[in-house]
Amino acid sequence: MASSSGTDDDLTIPRAAINKMIKETLPNVRVANDARELVVNCCTEFIHLVSSEANEICNKSEKKTISPEHVINALESLGFGSYITEVKDVLQECKTVALKRRKASSRLENLGIPEEELLRQQQELFAKARQQQAELAQQEWLQMQQAAQQAQLAAASASSAQQAGSSQDEDEEDDM
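Residues numbered from 1 in each chain as written. Predicted model: local features only at pLDDT ≥ 70, side-chain atom pairs only at ≥ 80, totals over all residues. Heavy atoms only, no water.

The name an unreviewed UniProt entry gives the chain is Protein Dr1, with Carassius auratus as the organism. As recorded by UniProt, the Sequence similarities (unreviewed entry) comment attached to the chain reads in full: "Belongs to the NC2 beta/DR1 family." (UniProt positions renumbered as here; feature names shortened; annotations may be inferred.)

## Considerations on helix α2 (residues 33-60)
Here α2 is 28 residues long and its end C-alpha atoms lie 41 Å apart, about the 40 Å a rise of 1.5 Å per residue gives. R36, V40, T44, V50, E53, A54, I57 and C58 are the residues of α2 that are buried. In this fold, the buried residues of α2 make contact with α1 (15-25) and α3 (68-77). Count one or two residues on from α2 and you reach E62, which has phi positive near 55°. (Helix = DSSP H or I, 4+ residues; strand = E, 2+ residues; numbered from the N terminus. Expected span 1.5 Å × (residues − 1). Buried < 20%, exposed > 50% of the residue type's maximum accessible area, 1.4 Å probe, protein only. Contact = heavy atoms within 4.5 Å.)

## Some words on the nonpolar core
Counting 7 residues, the largest nonpolar core is built from V50, A54, I57, I72, A74, L75 and I84. When residues of this core are traced back to their parent elements, those giving at least two are α2 and α3. Other than its neighbours up to four places away in sequence, I57 contacts H70, N73, A74 and S77. (Core = buried A, V, L, I, M, F, W, Y, C linked by side-chain atoms within 4.5 Å.)

## Examining the pattern of salt bridges
If you walk through the whole model with that rule in mind, you get 3 salt bridges. In this structure, R15 and E37 form a salt bridge, with 2.8 Å as the shortest nitrogen-oxygen distance. On the criterion of sequence distance, the pair formed by R15 in helix α1 and E37 in helix α2 is long-range, its members being 22 residues apart. One network of salt bridges, with partners in common, ties together E117, R120 and E124. (Salt bridge = Lys/Arg side-chain N within 4 Å of Asp/Glu carboxyl O.)

Rendered as structure tokens:
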């Protein structure tokens, strides 16, 4: 675990991860706490050793990112060449898992519908939306036309009522 001082000595692998690996590797064996602590310290030291060597190899090849090849070369130069076959197998397995995760995370893949069918459905939805929009615009236009006609009728009605009222006033004046 990393502490607030931030030195390399404070960095270790989580004990829960080591305990899980021990249980999976040796399911019927009891391991003492001090032995577990020793395994954690050995793992941490091994990682520091390999990563430092891989970093040196990376720097010598004028790269800024440590690649799997740098780690494999570091194992070879540190005398762990017998592990390289297993390391390459694990690397290939990791690449396969990562590729499956990327594919699984694709929403299109999860739907199980061919891309052509999805495209057809999308175009159908767009056509429906355009049709609904056109119908709505048509309704609004008809409502505006009706409102304009009603306004014209009201204006004509008011005008004829006003004319009728003024002609009645004239008739009353004539009667006097």
